[in-house]
Amino acid sequence: MTVPVCARATARAASRSVVCQAIRPATRTASLSNKVLNQSRAISSYGYTQSKALVYSKYGEPQDVLSLHGHSISPVAGTSVVVRMLVAPINPADVNQIQGVYPSKPELTTSLGTSEPSAVGGNEGVGEVISIGSGVKSLSKGDWVIMKHTSQGTWRTHLEIDESKLLKIDNKDGLTPLQVGTVSVNPCTAYRMLLDSAKWDFRGGEWFIQNGANSGVGRAAIQLGKEWGFKSINVIRGREDKEAEQELKQELLDLGATQVVTEEELQGRGMKDQIKEWTNGGREQVKVGLNCVGGKPATALAKFLSPGASMVTYGAMSKQPVMLPASLLIFKEISFSGFWVSKWSDRYPDQKKQTVEDVLRLTREGKFKDIPVQECKWGWKTGLETLQAAVQGTLGGFRAGKGVFVFEET
Ligand SMILES: NC(=O)c1ccc[n+]([C@@H]2O[C@H](COP(=O)([O-])OP(=O)(O)OC[C@H]3O[C@@H](n4cnc5c(N)ncnc54)[C@H](OP(=O)(O)O)[C@@H]3O)[C@@H](O)[C@H]2O)c1
């Protein structure tokens, strides 16, 4: 029996110089492409903020469609605020969105003064509130904020946005922008999938199994699982360099993984007996499977789930459909579902706030470690090519870390 992913996929953010009078915009947010792109940086004495954004007006590969757009943000009024971005990650879904193959598509508009209707890339990140309108109640200057919803366009130095679309970080003590700027997608996904997919007794004798275990989500699941007393079987893709493979395995074990195996090892002969041994002769149940790969790796993973378990698909990195033996559904009564953090955030805003706060609490307590990242510094003079290159490599695989834009004084 073949169950395509789509059929199973249930719903589930220089010098200080001047903005001269000559470039004061006529509209609230006007395009100033050449002037803004060439000047060093500026918040003028008139309260205009200069911003640069990575925008696209048609779908395609990031290096073909992304452009750097400079514009000016007028002094804010009403319930609007201006946010200066601090960190914005580059997630696989951001690239899929630019390619036009992601289900949620941001609205293309000319609100930033682009010649063609366009959208700003990026869905996640943290920023600092630098100015507020007179009607703003929930935010003050200096607050750190993340986006309540996706598709707000976080790959830009500054944005004007209504306070209702932002989630304030109530306690930023002891936290870095990187930690806060990467909390809302991967950690929240791992947190909800693990916790909500099974009835756990939290007594230490329960397991979950996952592929893509070295991904951002996978690393989050390992650490949360350890915190909640779940043991884990973590599947990674083997490396040609066996030393590098061993180092990766050790890295995940150090994070709290119970066992780490390669796809090859999982699909090899002895694994059934091996897992039986790890799980105390099968008396400890493998209650949840997390799949972000699809194809054969997903089928292999499903076979090691205990009767009555749940497998949650949240990604399709191999671009292959999920294929399942009918016996897993009929005789083992395994449930298969999907999870989408965007839908979950929209549906359960309060739960999102609690989840974010809980992960940040664990981070503060040293129980949730930073993900490995490849930083792309974004200063006022950073060129389009640098920014495009950082985005382009995202889906390449075998990466040393997740790409993140780290905004310098802009
Ligand atoms: N549904 C949701 O709400 C949700 C939320 C967050 C993330 N996701 C999805 O979860 C997945 C992981 O996201 P992330 O941000 O955690 O990723 P990430 O940190 O960028 O890591 C990417 C992961 O994908 C693996 N990978 C790359 N190309 C692959 C291929 N061709 N076949 C198999 N594995 C491959 C990488 O393994 P190697 O190191 O071996 O290349 C790595 O484990 C993505 O599919 C993403 O879209 C979904």
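Numbers given to residues run from 1 along each chain, matching the order in which its sequence is written. Under the rules for a predicted model, residues below a pLDDT of 70 receive no local features and side-chain atom pairs below 80 are neither given nor counted, while totals for whole chains, interfaces and linings still include all residues.

- For the protein chain, the name recorded in an unreviewed UniProt entry is enoyl-[acyl-carrier-protein] reductase, with Exophiala mesophila as its organism.
- Under the UniProt heading Catalytic activity (unreviewed entry), the entry covering the protein chain gives this text: "a 2,3-saturated acyl-[ACP] + NADP(+) = a (2E)-enoyl-[ACP] + NADPH + H(+)".
- UniProt positions are given in the numbering used here, feature names are shortened, and annotations may be inferred rather than shown by experiment. The UniProt entry for the protein chain carries the following text under Sequence similarities (unreviewed entry): "Belongs to the zinc-containing alcohol dehydrogenase family. Quinone oxidoreductase subfamily."

**Remarks on the pairing of strand β16 (residues 373-378)**
Then, in step 1: Here the rule is simple: two strands pair whenever DSSP picks up at least two bridges between them. The helix count covers DSSP runs of H or I at least four residues long, the strand count covers runs of E at least two residues long, and both are numbered beginning at the N terminus. In this sheet, strand β17 (residues 402-407) lies alongside β16 in parallel orientation, the contact comprising six bridges. Among the inter-strand pairings, E375 is bridged to a residue of β17, identified as V404.
Then, in step 2: Viewed with both strands pointing away, a crossover whose connecting path from the first strand over the helix to the second turns clockwise is right-handed. Taking the sense of rotation as the criterion, the β-α-β connection linking β16, helix α15 (residues 384-392) and β17 turns out right-handed.

**Remarks on unusual backbone geometry**
Then, in step 1: Positive phi is not limited to glycine here, since F202 has a value of about 55 degrees.
Then, in step 2: Three exposure classes are used. Buried residues have 20 or more other C-beta atoms within 10 Å of their own C-beta, exposed residues have 12 or fewer, and partly exposed residues fall in between, all C-beta atoms being placed from the backbone. Under the C-beta neighbour-count criterion, F202 is labelled exposed, with 9 such atoms within 10 Å.
Then, in step 3: Positive phi, close to 50 degrees, is recorded for E333, a residue that is not glycine.
Then, in step 4: Within the element layout of this structure, E333 appears in the loop between α12 (326-330) and β15 (335-338).

**Describing helix α8 (residues 242-255)**
Side chains three or four residues apart in an α-helix point the same way, a direct result of the helix having 3.6 residues per turn.
Then, in step 1: The first and last C-alpha atoms of α8 sit 20 Å apart over 14 residues, in line with the 20 Å expected at 1.5 Å per residue.
Then, in step 2: Among the residues making up α8, those that are buried are L248, K249, L252 and L255. Buried residues of α8 fall within an arc of 120 degrees about the axis and therefore sit on the same side. Exposed and facing more than 90 degrees away from the buried side of α8 are K242, E243, Q246, E247, Q250 and D254.
Then, in step 3: Phi turns positive one or two residues past the end of α8, at G256, with a value near 130 degrees. Under the convention used throughout, the expected extent of a helix is 1.5 Å for every residue step, that is, one less than its residue count. This arc is taken over the directions from the axis of the helix to the C-beta atoms.

**Brief notes about the environment of G133**
Then, in step 1: Relative to the helices and strands, G133 is located in the loop between β6 (126-132) and β7 (144-147).
Then, in step 2: Assessed through the 17 C-beta atoms surrounding it within 10 Å, G133 is described here as partly exposed.
Then, in step 3: It is the C-beta atoms, placed from the backbone, that decide contacts: two residues are in contact if theirs lie within 7 Å. Setting aside residues no more than four positions away along its own chain, G133 makes contact with V76, A77, G78, T79, S80 and V81.

**Quick notes on the packing of helix α6 (residues 186-196) against helix α14 (residues 349-364)**
Then, in step 1: Relative to each other, α6 and α14 sit at 105 degrees, their axes nearing to 10 Å. Judged on the interaxial angle alone, α14 and α6 are roughly perpendicular. In this structure, α6 contributes P187, C188, Y191 and R192 to the contact, and α14 contributes K352, T355, V356 and V359.
Then, in step 2: The classification used treats Ala, Val, Leu, Ile, Met, Phe, Trp, Tyr, Cys and Pro as nonpolar, Asp, Glu, Lys and Arg as charged, and all other residues, Gly among them, as polar. The residue makeup of the contact of α6 with α14, split by class, is five nonpolar, one polar and two charged. Helix axes use the C-alpha atoms of the stretch in contact, all axes being lines fitted to C-alpha atoms, and the angles between their N-to-C directions lie in the range 0 to 180 degrees. Oblique is the label for every angle not falling under 35 degrees (roughly parallel), over 145 degrees (roughly antiparallel), or within 65 to 115 degrees (roughly perpendicular).

**Thoughts on the packing of α6 against helix α7 (residues 216-228)**
Then, in step 1: Direction vectors running N to C along α6 and α7 enclose 50 degrees, while the axes themselves pass 8 Å from each other. With respect to each other, α6 and α7 are oriented oblique. Between α6 and α7 lies a crossing whose hand is right-handed. Note on element contacts: α7 touches α6 through G216, V217, A220, A221, L224 and G225, opposite N186, P187, T189, A190, Y191 and L194.
Then, in step 2: Grouping the amino acids of the contact of α6 with α7 by side-chain chemistry returns eight nonpolar, four polar and no charged. Two helices that cross are described as forming a left-handed crossing if the nearer one is turned anticlockwise from the farther one by less than a right angle, and a right-handed crossing if clockwise.

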